[in-house]
Amino acid sequence: MESLKTYFSGQRGVYHGIAIAVVVAVFALPFITIDAYTIQLATQALIYVLLALGLNVVVGYAGLLDLGYVAFYAVGAYTSGILTTRLGWPMWATIPAVVAACVLAGVVIGGPTLRLRSDYLAIVTLGFGEIIRVTAQNLSITGGPSGIFGIPTWSFGSWSFNDGLTVGGLFFNGKILLYYFVAIVVMVLGLIGIPRLANGRLGRAWRAVRDDEDAAEAMGVNTYTTKITAYIIGAVWAGLAGQLNASLITTISPTSFQFLQSALVLMAVVIGGMGSVPGVVLGALFITLAPELLRDVWENRSLMFGILLLAVMLFRPKGLWPATSILPWSRDKHRAKVDTKPAQARAEEV
Amino acid sequence: MTQIILNGLFVGSFYALIALGYSMVYGIIKLLNFAHGDIFMFGAYIGMTCLTVIPGIGSLGIGAIAIVLLISALLTGATGVLIETLAYRPLRSAPRLSVLITAVGMSFLLEYGVRQIWGPDPQPWPQAGRLTEAANWPAGLQWGAQRIDILGGSLTGAQLVLMALAVVLMAVLALYIGKTREGRAMRAIALDKRAATLMGINVNATISRVFFIGSALAGVAGVMHGAYYSSITFLMGFLLGLKAFTAAVIGGIGNLYGAMLGGLTLGLLEAFGTAWFGGEWKDVFAFVFLIAFLTLRPTGILGERVVERM
Amino acid sequence: MVASVGGYCSGSTLPTLPIFDSAKIPQLISVANSDNLIKDNTGNVWLLDGTGEQQASTAMKWVEKNSFKNLAVIDDKTDYSANLATRFTAKAKEAGLTVTTDSLTPKESDFSAQVTKVKSAGADFVYFTGYVQEAGLLVKQLVEGGYTGSILLGDGSVDAKVAEIAGLANCKNVYATYTKTPDMLDDGGAFAEKYKAISGGTEPGPYTIHSYDTVKTWADAATRAGSVDQAAVNEALKSTNLAGLTGQIQFTDDGSRAGEGGFVIVSNQDDGTFKLYDALS
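Residues numbered from 1 in each chain as written. Chains lettered and ligands numbered in written order. Predicted model: local features only at pLDDT ≥ 70, side-chain atom pairs only at ≥ 80, totals over all residues.

## Things to note about unusual backbone geometry
As a reminder of what qualifies: Each helix is a run of H or I in the DSSP string that is no shorter than four residues. Each strand is a run of E no shorter than two, and both are numbered from the N terminus. Our exposure labels follow a C-beta count within 10 Å of each residue's own C-beta, placed from the backbone: buried means 20 or more other C-beta atoms, exposed means 12 or fewer, and partly exposed covers the counts in between.
In this model, Ser230 of chain B sits at a positive phi of 70°, which is unusual for a non-glycine residue. Here Ser230 of chain B shows up in the loop between helix H8 (203–229) and strand E4 (231–232). Here Ser230 of chain B falls in the buried class, since 26 other C-beta atoms lie within 10 Å of it. Notably, Lys77 of chain C is not glycine yet its phi reads approximately 70°, a positive angle. Examined against the element boundaries, Lys77 of chain C turns out to sit in the loop between strand E4 (70–75) and helix H5 (79–94).

## Topic: the interface of chain A and chain B
Just so we agree on the cut-off: Placing C-beta atoms from the backbone, we regard two residues as in contact once those atoms come within 7 Å. Three residue categories are used. Nonpolar comprises Ala, Val, Leu, Ile, Met, Phe, Trp, Tyr, Cys and Pro, charged comprises Asp, Glu, Lys and Arg, and polar comprises the others, including Gly.
Taken together, the contacts link 36 residues of chain A with 34 residues of chain B. Among the secondary structure elements, those contributing two or more residues to the side of chain A that touches chain B are helix H5 (94–113), helix H6 (118–138), helix H11 (259–272), helix H13 (301–315) and helix H14 (343–349) of chain A. Among the elements that take part in the side of chain A that touches chain B, H6 of chain A stands out by supplying 13 residues, more than any other. Split by residue class, the side of chain A that touches chain B holds 22 nonpolar, nine polar and five charged.

## Description of the interface of chain B and chain C
Taken together, the contacts link 25 residues of chain B with 22 residues of chain C. Every element with two or more residues in the side of chain B that touches chain C is listed here: helix H1 (2–29), strand E3 (153–156), helix H10 (256–277) and helix H11 (282–296) of chain B. In terms of residues, the side of chain B that touches chain C owes the most to one element, H1 of chain B, which gives four residues.

## Regarding the sheet that holds strand E12 (residues 275–278) of chain C
All names here are of chain C. The condition that has to hold: Strands were regarded as paired on the criterion that DSSP finds at least two bridges between them. Only C-alpha atoms enter the line fits that serve as axes; for helices the fit covers just the stretch in contact. Angles between N-to-C directions range over 0 to 180 degrees.
Read from one edge to the other, the open sheet built from seven strands follows the order E5-E4-E6-E7-E8-E11-E12, with strand pairing classed as mixed. Both outer strands of the open sheet, strand E5 (98–103) and E12, are each paired with one neighbouring strand and no more. Geometrically, the sheet is characterised by an average inter-axis angle of 30° between neighbouring strands, direction not taken into account. Pairing geometry for E4 and strand E6 (residues 125–128), over four bridges, is parallel. The residue of E6 that forms the bridge with Leu71 is Phe125.

## Concerning the pairing of E6 of chain C
Residues and elements named next belong to chain C. Convention followed: Handedness of a crossover is defined as follows: with both strands directed away from the viewer, a clockwise route from the first strand across the helix to the second makes it right-handed.
By the alternation rule, side chains of E6 split into Phe125 and Tyr127 and Val126 and Phe128, which are all buried. For E6 and strand E7 (residues 150–153), the ladder comprises four bridges, and the chain directions are parallel. By the bridge assignment, Val126 is partnered in E7 with Ile151. At this point the chain moves from E6, through helix H7 (residues 132–144), to the parallel E7, and the crossover so formed is right-handed.

## Here's the deal with the confidence of the model for chain C
Residue and element names in this part refer to chain C. Using the following cut-off: In predicted models, pLDDT denotes the confidence assigned by the predictor to each residue on a 0 to 100 scale.
Residues with a pLDDT of 70 or more make up 83% of chain C, whose mean pLDDT is 81. By mean pLDDT, the top-scoring element of chain C is E6 (95), and the lowest-scoring one is helix H1 (residues 10–13) (67). As scored by the predictor, the complex reaches a pTM of 0.83 and an ipTM of 0.85.

## Quick notes on the sheet that holds strand E2 (residues 27–29) of chain C
All names here are of chain C. Spatial ordering of the open sheet is given by E1-E2-E3, a layout of three strands whose pairing is parallel. In this open sheet, the two strands that pair with only one neighbour each are strand E1 (4–6) and strand E3 (45–47). Between one strand axis and the next, the sheet turns through 10° on average, direction left out of account. Looking at chain direction, E2 and E3 are connected through three bridges and run parallel. Bridge pairing in E3 places Ile29 opposite Leu47.

Set out below in C-alpha cells:
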C-alpha cells in the first residue's frame, strides 16, 4: 500500500492515475446512457482526440506549423470511402490502403517543403489542404461536390457492427460497438503509442529540431528525416481518424475539409498545450463538445476562437495544460523549474 | 490570346499590391503576416462604409472613390500598426511558431469580427462608388464601362484606371524605399537589426512604418476591388492573401520588385491555367505553382533579399 | 419522428437520405431538386419541387423558342448546379446545337476567364446554374466584357441581389428558369395577406408556397391513410392528387413531381426583382 501511494503521488504516478480514471470513465459511458446522440457525440470526440494527438506530433513535438492537416484527414476518409463503396472492400481491409495513401501524401507534401523555412511550411500546407479539397470536389471518382455516401461500418466476415453483439446477457448495438472500437484504437495509438515515441530517441530529436534547428544539426541530428518522420506519423494518424469518421457518419463531403477544420484542430493543440498529451486531449474535447454545450454563443465561434488563440499566445503560450507542468497535488512540485525558453530567443536577448 | 494576357495582368495588379505588404513585412521582421489578406478585406469594408455613411458623397462621382481610397488607406494603415503593436511586438523574441499562430488568430479575429458587424452575406458595393457606373464619371470622360481595344483584346476604362493606379503606387513606393531616409532605415533593419539599432535607427518606429505602408496598400487594393467587382464578402481576403503570398514567393520574397513581378506573373499563370484546364482548377493551379517554385527555385524569379542569420 | 418536411439545398439534403431511409421515414422535400435525390429512392422520398431534369427541359424550350444557336453553359461545381448544367447540356447536344461548357469557383470574384471563353466561342446564349452572388458578378462581367447575347439563370440565382450586384443597366437580357412564387398566384394576393397576418407582418418568401404545399401534401396523405404511421403515409402519398398553390400535386413512380414541374421564365429587367415573363406553356 505504501509503495502504491508513493507511486501515485509522484508526477508520473499522477498522470497514470488520471489516465486510468479517464479510461474507466470512457468504458463506463455506455452503461450510464445509451442515448444514440450521446454515444455518437462521444465517438466523434474520441476521433478528434486522435486527430489532435496526430497534429500534436507535427506541431507540438516537431514544431512544424501545419495549416493543412485536414488534407490527410480527407485522404484517409476518401481512400476508405472509395474502396468500400466503389470496390466493395470491407472496412478493415482498407486500413493498409489508408496508411499507404497517407504516407505517400506525407512524402509528396512534406518532401519538397520541409527543406524550407518553417514559415513557408505553414502557407504551403494550407495550399495543399485547398488542393486536396478542390480536387475532391472536381473529380467524379470522389463523388464530386456531393461526395460519397452510404459508407458501411466495420464488418468482419459476414458479421458487421450493425448486427450488434450480445455479451453476458447485455446487447450492444452497432453504434456502441463502434464507440468501443474507436476508444480502443484511440487509446492504443494515441495515449500509449505517442507518448512512447515522444519519450524515446525520436521524440528527443523532434524537440531538438523544434527548439533550435541549427544546434540540432550540429549535434548530428538529421533534421530532414526527423521532420519528415513526424510529418508522416501525423499524416497516418489523421488518415486513420478520417477513416473512423467516415465509418461513423457514413458520408464524406468536400465541405468538411475546409481550412476551418484544420484551424480547429490546430486550436485544440495550441490552446490545450503544444506537446502535451493531456493538454491536447482537453483541447480536442473542448472543440467537439463546446458546440453542443454552447449552441447559442456558438454562432460566432470562429471569432471566439480567434480571440482565444490570441489570448493564449500572448498570455499563456504554453497552453492550458502545458507539457512541462507539475500538477499541484504531485510531490514533485518543489523540484527545480526547467527553463524551457528556446535557445534562439535567449541568445537574441543578449 | 491577348485577352487572356490582359485578364491576367489586371488580376495580377491586385496580387502585386497585396504581395508588396507581405514582402515588406517579411523582409524586415521575418514574419509571414497571415492576417495581411484580411487587412485587404477590411479596407474594402471601410471603403464601403465610408461611401454609405458620409453624407453627400454620392454626388462626387469618381471623386468619391478617390476620397474613400485615401480614408481607407489611412485607416487600414493604422489598423496594421495597431495589430503590430498589440499582437506581434510583444512576441518578437518568442519562437517563430508562436508568432505565426498569433497571426492565424489575428486573421480569424479580423474575418469573423467583420462578419459579426456586417453579416455573413456578401455586400453589394454602393452604386455611388462603382467604377463602371457611367453616372459616376464626368460627362465627356465616360471611361468607366467603355471598352478599349488593345491588340486584339479589350479592357474597360475602369480596368485601365485601376492598373495605372497600381503602377503609380508601386513606383512611389520604390522611390520611397530607395531614396528616402526612412526607406534606407527599412533596408538597414532588413539586413541586420542589431547593427541598425547601433546606428541610431528607431527600430520600432520603422517597423511600424512598414506595417502602415503595407497595410495601406492592401487597403487601397480592397477599395479598388470593391469599386470594380461591386461586391465584397468577409472571407474575400483569405484566398487572395494566399495568392499574394504565392506571388511574393514567385517573385522573390523580401524583394519589392519581386513582389510586383510575382503578382503579375501569378495573374498571367492563372489566366492561362483556367483557359487550358477550366475555371474550377484555378486555385489548384496557383498552389501547384507555389509548390513548384518553392521546390525548384525557392528564392523566386528575382532572388530574395532576406538574410538567414545563424 | 413521423416525417421530414424540408430540404432546401440538394447538397445538404443528399447525405440525409440514407439515414431517413433506414428508418423508412417519409421525406418530403420542398425545394431541393437534384435528380440524385430520387436516384436510389426506395419509396420514401417525395420531391415537391420540379427536378433538375424538368428545369432543364424548360430552359431548352426557351432556347428553341428564341432560336439560339451557340450555347454556353456555366456551373459552379456544386451538386445542384452541376446536375442542372449536365442535363441541359445533354438536351442541347441532342438537339444538335453547339455547346461550350465551363465551371467557376464559388466565392471568387474574377470570372474574366469564363467571360473570355464565352466570347471566343461566339455564344449568343449563356445558362448559368449557380447561386446569387456569382450570378451577379458573372452577369456584370459578361456585359461589361462586351457580351451582347442572352443570359439565363437557374432558379438558385433568382433574387433581387443579382441586379444589385450587376447593376440594373446590365440586366437587359437576363432571364431565369423559376417555379411559381406567391406573387405569381392569381388569387389577388389573398395568400400573402393571410400569411402576413399569421407571421406577424413578414412577407412570404420565394419558397413559402412550396413549404406550404409540402406540409399540406403530408397532411392529406396522413388523412387518407388514417394514421401517421410511416409506412401507411408512404403508401398513401403514392396516390396523391391534390390542388396545391404550385399547381396540381401528383407523384410519378420514382417519387418526383408529375407534370412539367411548373417552371416558367422570369426576368428582372424592370426594377431588379424577378417577375413572370413567359409561362412557356
